[in-house]
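Topology and contacts: notes
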Amino acid sequence: NCDFCKKPIEKLSKRIRKVNFCNIYCRSKWLSINQLGSKSPTWLGGISFDPYTIKFNDKLRNSIRKRDKYACNICNKHQSILNRLLHIHHIDYNKKNCKSNNLISLCNNCHMKTNFNRDYWYAYFKYVIIK
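Residues numbered from 1 in each chain as written. Predicted model: local features only at pLDDT ≥ 70, side-chain atom pairs only at ≥ 80, totals over all residues. Heavy atoms only, no water.

What follows covers the overall build of the protein chain. Within the protein chain, the secondary structure is distributed over 5 helices and 4 strands. When the helices and strands of the protein chain are placed in sequence order, the string is β-β-α-α-α-β-β-α-α. Counting over 131 residues, the protein chain shows a buried share of 29%. Within the protein chain, counting contacts between residues at least 6 apart in sequence, those at least 24 apart form 47% of the total. In the form shown here, the protein chain has an accessible surface area of approximately 9400 Å², with 54% of it arising from carbon and sulfur atoms. (Helix = DSSP H or I, 4+ residues; strand = E, 2+ residues; numbered from the N terminus. Buried < 20%, exposed > 50% of the residue type's maximum accessible area, 1.4 Å probe, protein only. Contact = heavy atoms within 4.5 Å. Areas by Shrake-Rupley, 256 points an atom, 1.4 Å probe, with all protein chains shown as cover.)

Put into structure tokens, the structure is as follows:
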């Protein structure tokens, strides 16, 4: 049976961590109820809601983009090809640490990747990218 709607599962089910779903709709509804906030496996105590410091302003972000030659430090795509500004990522994930050696330019796709497996990305930026 589907773990969301309790209907019998006739087709091949979608499985997430030993949870069965009869279709994509039930899967997405279950995830929206069970994987948000503190129930999410990526929950870090709500630190994403911490405010940025006043030092993290447009002037600083633009200087980091310029330093990085307007290219993502992971995929090397240029900001002009993406048709949007690059994100500025805090390497140590501390929003209050706005030193230039803690900030790096990333495209939206690569920045989303850095939200998972933070230990890996911290080491990657500290020991591979920053020399």
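Alright, that's what it looks like, and here's the rest.
Overall, the coordinates contain 6 aromatic pairs when judged by the stated rule. A ring pair is formed by Tyr52 and Phe56, whose centres lie 4.9 Å apart and whose planes are at 15°; its orientation type is stacked. What makes Tyr52 partly exposed here is its relative accessible area of 46%. Using a relative accessible area of 10% as the deciding quantity, one classes Phe56 as buried. Taken together, Tyr120, Trp121, Tyr124 and Phe125 form an aromatic cluster joined through their ring pairs. (Phe/Tyr/Trp six-rings, centres within 6.5 Å; stacked < 30°, edge-to-face > 60°.)

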